[in-house]
Amino acid sequence: MDNCIFCKIINGEIPSATIYENDEFKVILDRFPGNIGHALILPKKHYANIFEIDEETAGRLFKLAVKVAKHIKETLNIEALNIVQNNGELAGQTVNHFHLHLIPRYTDDKVSVKWEQLELTDEQIAEVQKKLNMQ
Ligand code: AMP
Ligand code: ZN
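Parameters at a glance
- Position numbers for residues start from 1 in each chain and track the written sequence from start to end.
- As a convention, the first chain written is A and the first ligand written is 1, with the rest following in written order.
- Where local features are concerned, this predicted model is filtered to residues with pLDDT of at least 70; where side-chain atom pairs are given and counted, the filter is 80 or more; whole-chain, interface and lining totals use all residues.
- Derived side-chain values reflect all non-hydrogen atoms in the structure, with water molecules and hydrogen atoms excluded from consideration.
- By nonpolar core we mean a set of buried residues, namely Ala, Val, Leu, Ile, Met, Phe, Trp, Tyr and Cys, connected to one another through side-chain atoms within 4.5 Å.
- Relative accessibility under 20% of the residue-type maximum defines a buried residue, over 50% an exposed one, and the middle range a partly exposed one, all with a 1.4 Å probe and only protein chains included.
- Helix numbers and strand numbers start at the N terminus; a helix is a DSSP run of H or I with at least 4 residues, a strand a run of E with at least 2.
- Each metal's donors are the N, O and S atoms found within 2.8 Å of it, except that Na, K and Ca use a 3.2 Å limit; water is left out, so coordination can look incomplete.
- For a four-donor site, all angles between 85 and 135 degrees give tetrahedral; for four or six donors, opposite pairs above 155 degrees with the remaining angles between 65 and 115 give square planar or octahedral; all remaining cases count as irregular.
- Only heavy atoms are used to decide nearness, and a residue is near a molecule or strand if one of them lies within 4 Å of it.
- Throughout this description, a polar contact denotes any pair of N or O atoms lying within 3.5 Å of each other; where both atoms belong to protein, one of them has to be capable of donating a hydrogen while the other can accept it, and for residues adjacent in sequence the pair is counted only when both atoms sit in side chains.
- Using a 1.4 Å probe, the Shrake-Rupley method yields the accessible areas, and only the shown protein chains count as cover for residues.
- Between any two strands, pairing holds if DSSP finds at least two bridges.
- Each Phe, Tyr or Trp ring (for Trp, its six-membered ring) is paired with any other whose centre lies within 6.5 Å, and the angle between the two planes then decides the class: stacked below 30 degrees, edge-to-face above 60, tilted in between.
- Charges are assigned to positions over rings by a cutoff of 6 Å between ring centre and Lys NZ or Arg CZ, combined with an angular limit of 35 degrees from the ring normal.

(A) Here's a closer look at the nonpolar core. Formed by 16 residues in total, the largest nonpolar core has its most connected members in I41, V68 and L102. At six residues, the largest contribution of residues to this core is made by helix α2 (residues 55-76). With nine residues, the next largest nonpolar core counts C4, F6, I10 and I28 among its residues.

Below, the structure is given as structure tokens:
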């Protein structure tokens, strides 16, 4: 993709702080991190978001995420970490190249991954369940 900043990072046009790479994925430090150690896992092939990536690639990517998360935990001596993955502008995606955020958490840090909880009735939950039932 011509205008994709992560594609440019992957092909070396833009520098990045890479901490791991293999044939398929690159793991870089977020340039504007929420916390020290905030890493991004990027597939080298361009997929805009979760609606474009295939299950096999996503599966391998998440397998790598487990390794990277454990590595960050041990190396930075942290106990908590959020995985965040935004899809679409409305969801906060600013770079339209699929990526997984790994954000280490520290006491009293400024990261927030929260939402206001809706008060739904059991009937409302059942209605949504009926709509989304995949079986
Ligand atoms: P998202 O909002 O989920 O699309 O996340 C995009 C992330 O890319 C943000 O956390 C940015 O800080 C990060 N970012 C933007 N430009 C760069 C860059 N040149 N190198 C590394 N990370 C970047
Ligand atoms: Zn791209």
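Alright, that's what it looks like, and here's the rest.
(B) Expanded view of the coordination of the zinc ion (ligand 2). Those protein atoms acting as donors to the zinc ion (ligand 2) are C4 (SG), C7 (SG), H46 (ND1) and H97 (ND1), and they sit at 2.0 to 2.3 Å. Seen from the zinc ion (ligand 2), its four donor atoms lie at angles of 105 to 117°, and the figure they make is tetrahedral. Of note, the donors binding the zinc ion (ligand 2) are all from one chain and are spaced C-x2-C-x38-H-x50-H. With respect to class, C4 is no different from C7; both count as buried.

(C) Fine view of the site of ligand 1. Taken together, 16 residues sit near ligand 1, with D30, N86, G92, T94 and H101 positioned nearest. One of the side-chain N or O atoms of N86 is found 2.9 Å from an oxygen atom in ligand 1. Within the contact set of ligand 1, an oxygen atom lies 2.9 Å away from a side-chain nitrogen or oxygen of H99. Protein chains bury 85% of the 500 Å² of accessible surface belonging to ligand 1 in isolation. Elements supplying a minimum of two residues to the shell around ligand 1: α1 (5-10) and β2 (25-29). Here the shell around ligand 1 gets three residues from one element, more than from any other, and that element is α1.

(D) Spatial organisation of the pairing of strand β3 (residues 39-43). β3 sits mainly inside the fold: five of its five residues count as buried. Burial of β3 is two-sided: the residues A39, I41 and P43 facing one way and the residues L40 and L42 facing the other way are all buried. Two elements, β2 and β3, share five bridges in a ladder whose sense is antiparallel. Following the sheet pairing, V27 is matched in β3 by I41. As judged from the three bridges shared by β3 and strand β5 (residues 100-105), these two strands associate in the antiparallel manner. The partner of A39 across the bridge, within β5, is L102.

(E) The arrangement of the packing of aromatic side chains in detail. Counted by the stated rule, this structure contains zero aromatic pairs. The ring of F32 carries the charged tip of R31 above its face, separated from the ring centre by 5.7 Å.

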